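Chain by chain, the residues run as shown.
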Amino acid sequence: MFFRQITTDIKVSITIPQYAEELYKLTENNREFLKKWLPWLDNIHNQDDTNKFLQHQLSRFQKSEGVPEIIFYKGKIAGVLDFNKIDHANGIGHIGYWLAKDYNGHGIMTQVVTDLIKLGFEYYSMQKVEIHCAVKNIPSRAIPERLGFKNEGVIRQAEKLYDRYVDHVVYGLLRDEFKC
Ligand SMILES: CC(C)(COP(=O)(O)OP(=O)(O)OC[C@H]1O[C@@H](n2cnc3c(N)ncnc32)[C@H](O)[C@@H]1OP(=O)(O)O)[C@@H](O)C(=O)NCCC(=O)NCCS
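The residue numbering used here restarts from 1 in each chain and proceeds along that chain's sequence as written. Where local features are concerned, this predicted model is filtered to residues with pLDDT of at least 70; where side-chain atom pairs are given and counted, the filter is 80 or more; whole-chain, interface and lining totals use all residues. By convention in this description, side-chain values take in all heavy atoms of the structure and omit both hydrogens and water.

Novice: What should I look at first to understand the site of the ligand in this one?
Specialist: What surrounds the ligand is a group of 20 residues, the closest being Leu99, Asn104, Gly105, Thr110 and Asn137. Any pair of N or O atoms that falls within 3.5 Å is considered a polar contact. Within protein, one atom must be able to donate a hydrogen and the other to accept it, and sequence-neighbouring residues count only if both atoms are side-chain atoms. A distance of 3.0 Å is found between an oxygen atom of the ligand and a backbone nitrogen or oxygen belonging to Gly107. Measuring from an oxygen atom of the ligand, one finds a side-chain N or O atom of Thr110 at 2.5 Å. When isolated, the ligand has an accessible area of 950 Å², and the protein chains bury 69% of it. It suffices for a single heavy atom of a residue to lie within 4 Å of a molecule or strand for the residue to be listed as near it. Only the protein chains shown count as cover for residues, with accessible areas throughout obtained via the Shrake-Rupley method and a probe of 1.4 Å.

Novice: I'm lost on the packing of helix α1 (residues 20-29) against helix α3 (residues 47-62) in this one. Help?
Specialist: For any two helices packed against each other, one specifies the inter-axial angle together with the distance between the axes. At a minimum axis separation of 9 Å, α1 and α3 run at an interaxial angle of 115°. Note that α1 runs across α3; the crossing there is right-handed. Every residue of α3 that contacts α1 at Ala20, Glu21, Leu23 and Tyr24 is listed here: Gln47, Thr50, Asn51, Phe53 and Leu54. Here the residues of the contact of α1 with α3 sort into five nonpolar, three polar and one charged. Note on definitions: angles span 0 to 180 degrees between N-to-C directions of axes, and those axes are lines fitted to C-alpha atoms, for helices only across the stretch in contact. Each helix is a run of DSSP H or I of at least 4 residues and each strand a run of E of at least 2, with the numbering of both proceeding from the N terminus. By convention, the crossing between two helices is left-handed when the near helix turns anticlockwise from the far helix through less than a right angle, and right-handed when the turn is clockwise. Throughout, a residue-residue contact means that at least one pair of heavy atoms, one from each residue, lies within 4.5 Å. Under the convention adopted here, Pro, Cys and the residues Ala, Val, Leu, Ile, Met, Phe, Trp and Tyr are nonpolar, Asp, Glu, Lys and Arg are charged, and Gly plus all remaining residues are polar.

Novice: I tried to follow the sheet that holds strand β1 (residues 3-5) on my own but got confused; where do I start?
Specialist: The strands that make up a sheet pair up through hydrogen bonds in the backbone, lying either parallel or antiparallel. In spatial order, the strands read β1-β2-β3-β4-β5-β6-β8-β7; together these eight strands make up an open sheet with mixed pairing. Of all the strands in the sheet, just β1 and β7 (150-161) have a single pairing partner and so form its edges. Averaged over all adjacent pairs, the angle separating strand axes in this sheet is 30°, with direction ignored. Taken strand by strand, helix α5 (residues 138-146) contacts β5 (92-99), β6 (128-134), β7 and β8 (164-174), and its axis lies near 155° from that of β6. We call two strands paired when DSSP finds no fewer than two bridges between them.

Below is the structure:
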């Protein structure tokens with residue numbers, strides 16, 4: 001299979017439907033944890049929903065609409081990462097991510113995001129990478145801050161999370177600012 005080895009323990013793969021069973025179980029076990037900051041949990045009811053999600057992601061990759069990746073830690077699926085939008089006209093990639101609760105706190109996401117940024121600048125000829133985080137999502141904000149992104153301001157009521165709207169901080173990193 002297609003993998004990018006990030007460290008001895010961490011690797012990423014392109015999303016393929018064969019991961020549906022393991023990814024669905026991980027999603028189910030982390031439903032409440034993820035629901036705090038992600039809006040799509042109520043759309044995932046069973047493995048077939050995850051299967052459809054993975055097929056959709058693969059088709060986006062084929063059309064260069066995104067770079068969806070599955071994150072593996074010590075051989076097990078730990079989370080998901082993506083250029084969930086690529087603005088080809090302006091050379092801007094937007095990164096989104098989640099990591100299961102048990103895998104938090106090891107620097108896994110910071111390291112795979114670093115690799116994805118590299119891919120964006122080197123392979124997709126981007127000139128800028130953006131990460132949008134809910135203002136109160138401190139662990140998520142720590143990732144772009146750790147990687148030298150600039151805080152470019154706040155968009156009000158940028159996302160609906162079930163029964164509430166949250167503001168987003170926009171973080172941006174220009175090609176010349178990237179230190180890998
Ligand atoms: C946001 C999210 C990915 C952050 O996960 P995380 O584990 O805190 O991030 P990382 O994997 O980069 O780990 C960073 C932590 O590991 C530590 N760490 C250890 N080794 C490290 C390394 N080599 N490099 C960087 N950090 C390292 C850091 O100090 C930090 O610990 P701290 O939180 O105690 O300061 C995760 O909480 C999550 O998925 N939440 C739910 C969904 C979500 O919010 N998605 C984002 C929507 S915008």
